[in-house]
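Structural description and commentary
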Amino acid sequence: MSSHLKNIIRLWHIIQPFHKYFYIQLWLIIISQGLIVAIAYSQSSILNLLVEKNIQLIVYAFITYAVLLIVDVLIDYLTSRNTQNNLDQTLFQYIQEYSYRKVLSLTPAQHIEDHSALKLTIISKGEQAIQSIIDKIISTVLPTITLAIITVFTLYIQSPILALVSAVIISIICIWSFLFQKNHHTYVTTNRDNWNEQSRNRTEAFTHLQTIKLLNREEYFLKGYLGKRLEAVRHHLLTIGRSAKHSSKRHLFTELSVVGTFAIAAYLYLAGAYTIGTIYLVLSLINRLYWNISALSSVMRQIPQSYADAEKYFSIMDKVPSFNESGKKNVSLQDSITFSKVSFHY
């Protein structure tokens, strides 16, 4: 876990020129998730007023509802624009430039040590993995966390019992998913290494096709490729099978959690603690929240694959030039240097 956090901090330092756009995005996400709760609350108020047949207040409630929807559309537009203009391809190009400059700064000996084609594959996958991680954080992780905080607070205002139940269910899903991902990370890492080896084998063959044909080594390369491919496929099926089983169990738990929370809300309604509008508010919020948490768990299931590629990428980015290629060296001399009987012929 500490290595994961360390690499996230390193990534945050790498993309320093884009920090302000992340802060803008965070505030837009907070406003957007707050509007989701406000809209649900507005709908519940309309239902209560309909039951009471309060015509005058219903008109004001619908106006408020419409205004909230307009603001929600505007915030959604601003969020999309900020993502498209500053946190999508622009950020990806910046990461590619960073990688390019880093690789070019290494010395010739350091390039000889590594397989160029494999290095390119690792860097390309790493760049895509970083972009994928950033995208998932922006599109799923931050909105879900924000919605969870606002929703639990809103439920607490309505009923501390429901807020406690929701907080416990969210904690169970998150801890369960975290423990699974921690155990599953080894499978994902092995899966990545297998496919990298496959890529290296193919790239090496395609790079030396003429030599392979001249030496009649086609079968040798083909057997090596097929053997590794079958091993990679078997492990890949095992990895996705474990993931699919976990996903099904979590899906079932989420369904039962919605039913259980709704049953508690229904009991409180029958006891006279709730209005019909409050029941709608609770059902609307827990449905959205639990499924967002479930979606977050699915994303957290995908992140280890991206993170595994990012780890390999950072292993290359961590390299520093083995010597200074500038040609400049500060040497302090105590005595002067004298050239004697020196000649040059061309």
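Model, not experiment: these values are computed from the prediction.

Another aspect to go through is the overall build of the chain. Of the regular secondary structure elements, the chain holds 10 helices and zero strands. Taken from the N to the C terminus, the helices and strands of the chain come in the order α-α-α-α-α-α-α-α-α-α. Of all 346 residues assigned to the chain, the portion counted as buried reaches 38%. Nonlocal contacts in the chain, meaning residues at least 24 apart in sequence, comprise 86% of its contacts between residues at least 6 apart. Summing over all exposed atoms, the chain offers an accessible surface of approximately 21,200 Å²; the carbon and sulfur share of this is 64%.

Residue placement: I138 occurs in helix α6 (residues 116-158). Sequence-wise, I138 and L26 are 112 residues apart; in three dimensions their C-alpha atoms are separated by 8.1 Å. When neighbours within four sequence positions are excluded, I138 is seen to be in contact with F22, Q25, I29, T83, L87 and P143.

In total, this model carries one salt bridge according to the counting rule given. Of the charged contacts, one joins E97 and R101 as a salt bridge, the two residues approaching to 3.0 Å between their closest N and O atoms. Of this pair, E97 and R101 are both found in helix α4 (residues 89-104), four residues apart, which corresponds to roughly one turn of the helix.

A word on a nonpolar patch on the surface. Judged by side-chain polarity, L47, L50, V51, Y269, L270, I276 and Y280 come together as a nonpolar surface patch covering roughly 650 Å² of accessible area. Only α2 (19-52), α9 (218-270) and α10 (276-317) provide two or more residues apiece to the nonpolar patch. One can find L50 in helix α2.

Attention shifts here to the side chain of S166. Within the secondary structure, S166 is located in helix α7 (residues 160-207). According to the relative accessible area criterion, S166 is buried, its value standing at 0%. Only 3.3 Å separates the side chain of S166 from the side chain of Y290, close enough to count as a polar contact. With near-sequence residues (within four places) excluded, S166 lies in contact with L155, T261, I286 and Y290.

The relative placement of two packed helices comes down to the angle between their axes together with the axis-to-axis distance. It is at 9 Å that the axes of α2 and helix α3 (residues 55-86) come closest, and there the two elements cross at 160°. Comparing their axes, α3 and α2 come out roughly antiparallel. In this structure, α2 crosses over α3, and the sense of that crossing is left-handed. When grouped by side-chain class, the residues that make up the contact of α2 with α3 number 20 nonpolar, eight polar and one charged.

Time to look at unusual backbone geometry. Note on backbone geometry: most residues besides glycine have negative phi, and most peptide bonds are trans. Non-glycine residue K53 carries a positive phi angle of around 60°. Assignment of secondary structure puts K53 in the loop between α2 and α3. Positive phi, close to 55°, is recorded for K341, a residue that is not glycine. Within the element layout of this structure, K341 appears in the segment after α10.

Another point: the nonpolar core. Judged by nonpolar contacts, the single largest core of 23 residues is most densely connected at Y274 and V282. Residue assignment for this core shows that the elements contributing at least two residues are α2, α6, α7, α9 and α10. For this core, the element with the highest residue contribution is α10, accounting for eight residues. Residues in contact with Y274, not counting those within four places in the same chain, are Q158, S159, L162, A265, L268, Y269, I279 and V282. I122, Y307, Y313 and F314 belong to the second largest nonpolar core, which has 22 residues in total.

Summed over the entire model, instances satisfying the criterion amount to six aromatic pairs. Here W12 and F22 contribute two aromatic rings whose centre-to-centre distance is 5.6 Å and whose plane-to-plane angle is 70°, an arrangement assigned as edge-to-face. Pair noted here: W12 is in helix α1 (residues 2-14) and F22 is in helix α2, with a separation of 10 residues, a long-range link. With a relative accessible area of 12%, F22 lands in the buried category. Judged by centre distance (6.3 Å) and plane angle (55°), the ring pair of F18 and Y21 falls under tilted. Through pairs of rings, three or more aromatic residues link up here, namely W12, F22 and Y23. Directly above the aromatic system of Y187 lies the positively charged group of R242, at a separation of 4.2 Å from the ring centroid.

Let us look at the side chain of N86. You can see N86 is positioned in helix α3. What makes N86 buried here is its relative accessible area of 16%. Polar side-chain contacts of N86 include one of 3.0 Å to the side chain of N82. Ignoring sequence-local partners within four residues, the contact set of N86 consists of F18, Y21, R81 and L91.

Analysis parameters
Residues numbered from 1 in each chain as written. Predicted model: local features only at pLDDT ≥ 70, side-chain atom pairs only at ≥ 80, totals over all residues. Heavy atoms only, no water. Helix = DSSP H or I, 4+ residues; strand = E, 2+ residues; numbered from the N terminus. Buried < 20%, exposed > 50% of the residue type's maximum accessible area, 1.4 Å probe, protein only. Contact = heavy atoms within 4.5 Å. Areas by Shrake-Rupley, 256 points an atom, 1.4 Å probe, with all protein chains shown as cover. Salt bridge = Lys/Arg side-chain N within 4 Å of Asp/Glu carboxyl O. Patch = residues over 30% accessible without salt bridge, like charges linked within 9 Å, V, L, I, M, F, W, Y side chains within 5 Å. Polar contact = N/O pair within 3.5 Å; in protein donor to acceptor, adjacent residues only side chain to side chain. Axes fitted to C-alpha atoms, helices over the stretch in contact; angles between N-to-C directions. Parallel < 35°, antiparallel > 145°, perpendicular 65-115°, else oblique. Left-handed = near helix turned anticlockwise from the far one by under 90°. Nonpolar A, V, L, I, M, F, W, Y, C, P; charged D, E, K, R; others polar. Core = buried A, V, L, I, M, F, W, Y, C linked by side-chain atoms within 4.5 Å. Phe/Tyr/Trp six-rings, centres within 6.5 Å; stacked < 30°, edge-to-face > 60°. Lys NZ or Arg CZ within 6 Å of the ring centre and 35° of its normal.

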